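The chain contents come next:
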Amino acid sequence: MPAREIQNSFLQDLSDSLANIREQVGRSVVGVYARRRLPSSGFVWAPGIIVTAAHTIRRDRDIQVLLPAGGTIEATLAGQDPGSDLAVLKIADTDIPAIERGESDTLRAGNLVLALARLRSDHVSLDYGLVAAVGAAWRTWRGAEIDRLVALDGGLRPGFSGGPIADAGGRVVGMGTSALARGSGVVIPLPTIAIVAEELLTRGQISRGYLGLGMQPVKLPDMVVTELSLGTPNGLLVASVAAGGPAEQAGIQVGDVLLTLAGQPCTDTADMLAALARTRAATALTAEFVRGGQRRAVQIMLGERPRWRHCG
């Protein structure tokens, strides 16, 4: 077969494959009207359960879901977690099929992935790109732990946040969002969605521990390290204390240097966030710190991390 014919055949097969994936996955994709102007997207996670992006939910009531067969249906907000940018909606059980789940842990940098969105009832939009990077578990700037980093090679088009990301086999590997990385899209993998969705359906929110502290890394003087027999000179300097917050109530002051939290060294803000991400509110943790050249310890009863509010 001539090279040109082989090339044409390959391109035709690829074109047909993309069209088939759009049709197959698109049956589970819905539109979500919960903000002004452009709807966002979502997908059926289980019968009567819609997963979408939390940053696109701008109101708690009058949420409408755009159905593949046409028309809309009222949805109720089961809960949202700005930390992971996941929200769960409930609708009356319909015949919309749930997504076919793939394996997000098999994705590699360079793999082709497809993003889908439903901005009109009679049309599913499709975009494609590459996985730019994969990595270990990471923590968002809002304090949520995502089980695996999957970064896309560019940003998501308007309305695509909350929609499914599918692999080249047409299996959904996660949810796309533009809210957690500046200038590029990331994929929230299925294992993270499963954990967050279950808690949102059960409790309505994710209860992450909250200290009420603004902190920055600092290196203690050698004399202090020697006199207090510290294992490391590194700690976290308390730069601000939220009024009425858990740390203030426990007596923490600006200028204190946090050494450990719950027995774990705090040499970087990531260490503190890691400890808080694993701990629920209303849990008492021991904090060790240095004040005035003396080593001290207090019990801090963690509070509930304040919920983020959207404008508009």
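Structure report, in brief. Keep in mind the model is a prediction, meaning the values are calculated, not measured.

Considerations on unusual backbone geometry
A positive phi angle is found at R37, which is not glycine, with a value near 60 degrees. Looking at the element boundaries, R37 is found in the loop between β1 (29-33) and β2 (40-46). Of note in the backbone geometry, D85 takes a positive phi value of approximately 60 degrees without being a glycine. The residue D85 is located in the loop between β5 (72-81) and β6 (86-90) in this model.

What about the nonpolar core?
Ranked by size, the top nonpolar core spans 30 residues in total, and within it W45, M175 and I193 carry the most contacts. Of all the secondary structure elements, the ones that give two or more residues to this core are α1 (3-26), β2, β3 (49-53), β6, β7 (112-120), β13 (172-177), β14 (186-189) and α2 (190-203). Among the elements that line this core, the one with the most residues is α2, at five residues. Grouped together as the second largest cluster of nonpolar side chains are 19 residues, A247, L258, A287 and I300 included.

Things to note about the pairing of strand β17 (residues 234-241)
With seven bridges joining them, strand β16 (residues 213-219) and β17 adopt antiparallel strand pairing. What sits directly across from P217, in β17, is L236. Sheet analysis places β17 next to strand β18 (residues 257-261), joined by two bridges and oriented antiparallel. Bridging across to β18, L236 finds its partner in L258.

Cut-offs and rules
- Residues numbered from 1 in each chain as written.
- Predicted model: local features only at pLDDT ≥ 70, side-chain atom pairs only at ≥ 80, totals over all residues.
- Heavy atoms only, no water.
- Helix = DSSP H or I, 4+ residues; strand = E, 2+ residues; numbered from the N terminus.
- Core = buried A, V, L, I, M, F, W, Y, C linked by side-chain atoms within 4.5 Å.
- Buried < 20%, exposed > 50% of the residue type's maximum accessible area, 1.4 Å probe, protein only.
- Pairing = 2+ DSSP bridges.

Function cannot be read off these values alone, since they describe shape.
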